[in-house]
Amino acid sequence: MTFTPWRSLGKKTGFTESSLAETLEGGQSFLWAKTASGSWLGTWGDNITELRIMSGSLEWRTPKQRTLERKEILRYLAIDSEYDAICNSLPWRSDPVLADAMKRFRGLRILRQPLSETLFCFLLSSVKSIPQIKDLCLKTAREFGEELVPGIHAIPTWERLAEVAEQDLRALKYGYRAKYVAATAARLAGEPDFLENCETMPYVEARSKLVELPGVGSKVADCALLFGGAKLEAFPVDTWIAKVMSDRYGMVGWSLDQIASFGRIHFGPYAGLAQQFLFSAVRAG
DNA sequence: CCGCAGCCTCCCCT
DNA sequence: AAGGGGAGGCTGC
């Protein structure tokens, strides 16, 4: 596979090796992998991109048969003029736990992934570790997804997934998640505008709409909306976040929904970004 | 409204 | 060496 020449996005993106790695592989997306040369190769929707940091500057290239505009990379990676202001607006001044996490992962972003594939990946995520989720996603893409370039496949559309028998998903070791995917695919195939409508709704409405889907509870809905719907006020609470909120914020015995409500209020309109900083920090130890 | 077992499979542990 | 317990949740009771 031949690639375009490397192009620079500049030194001012704020990405460091650490925050780029954490952004691409820290549990937001399951479709990136580090290459032998230390760069990152990944997909979102029909897009393929390779990223690397050279002398402090973020660089990108694509396969020649599937090129992208610079602005599409900037959009996906959420590299925009608002980032610094958003970080600054988080309550780090009065929150030393958050301040420490932000310092350790300076430059960490919330990706702008397609809602459809983000929902799919998180539907597989329950009681799975990141490597296991990646494995399921890649197997599914290879089996049922469009081949974008030789050897690299997209996550299949919900329309395509609706044609797949639950039994064939079980064969890929989905376990009990197979019936969630099959049932959600059936519903979305019958309502082609469902996800598009969710994207245009305010966060609270979109969340209650998503939770109607089989296998989608508050955590999966929040992840889909934060990482795939650019709803930055979503505050997904998984076991890691529950642990940090219990250990560091004294919220011992709080329910997951209570923690989520607290998070949205305490961290504000960009609570999801705060969540990602905390998540990275607690996972790193 | 809350709490809890069960669900698939994998992995780690004894 | 085989078997128990738990893992980045959801559902139904």
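In this text, all values refer to a predicted model and were calculated from it rather than measured experimentally. (Residues numbered from 1 in each chain as written. Chains lettered and ligands numbered in written order. Predicted model: local features only at pLDDT ≥ 70, side-chain atom pairs only at ≥ 80, totals over all residues. Heavy atoms only, no water.)

## Looking at the side chain of Asp 222
Here comes step 1: For Asp 222, the location among the structural elements is in helix H12 (residues 218–229).
Here comes step 2: At 2.6 Å, the side chain of Asp 222 forms a polar contact with the side chain of Tyr 203. (Helix = DSSP H or I, 4+ residues; strand = E, 2+ residues; numbered from the N terminus. Polar contact = N/O pair within 3.5 Å; in protein donor to acceptor, adjacent residues only side chain to side chain.)

## Structural notes on the environment of Pro 96
Here comes step 1: Mapped onto the elements of the fold, Pro 96 is located in helix H4 (residues 96–104).
Here comes step 2: The exposed category is assigned to Pro 96, whose relative accessible area is 64%.
Here comes step 3: Sequence separation of Pro 96 and Ala 21 is 75 residues, and the distance between their C-alpha atoms is 24 Å. (Buried < 20%, exposed > 50% of the residue type's maximum accessible area, 1.4 Å probe, protein only.)

## Comments concerning helix H15 (residues 271–284)
Here comes step 1: Compared with the 20 Å implied by 1.5 Å per residue over 14 residues, the 20 Å span of H15 between its first and last C-alpha is a close match.
Here comes step 2: Among the 14 residues in H15, twelve count as buried, and that is most of the element.
Here comes step 3: When H15 is considered as a whole, its buried residues turn out to be Ala 271, Gly 272, Leu 273, Ala 274, Gln 275, Gln 276, Phe 277, Leu 278, Phe 279, Ser 280, Ala 281 and Val 282.
Here comes step 4: Check the buried side of H15 and you find it contacts helix H1 (17–25), helix H3 (83–89), H4, H12, helix H13 (239–249) and helix H14 (256–267). (Expected span 1.5 Å × (residues − 1). Contact = heavy atoms within 4.5 Å.)

## A few points about the domain arrangement of chain A
Here comes step 1: Entries for chain A in the domain assignment read domain 1 (7–80), domain 2 (86–107 + 231–285) and domain 3 (115–228).
Here comes step 2: Placing the centre of domain 2 and that of domain 3 at their C-alpha centroids yields a distance of 25 Å.
Here comes step 3: Buried surface at the junction of domain 2 and domain 3, both sides included, amounts to about 1000 Å², of which 63% is carbon and sulfur.
Here comes step 4: Among the residues of domain 2 in contact with domain 3, Lys 231, Ala 234 and Pro 236 are the three that bury the most area, contributing 50% of the side total.
Here comes step 5: Put simply, domain 2 and domain 3 have zero salt bridges between them.
Here comes step 6: Viewed at the interface, domain 3 and domain 2 are joined by five residue pairs in polar contact (both at pLDDT 80 or more). (Domains from an automatic or database assignment. Buried area = accessible area lost by both parts, 1.4 Å probe. Salt bridge = Lys/Arg side-chain N within 4 Å of Asp/Glu carboxyl O.)

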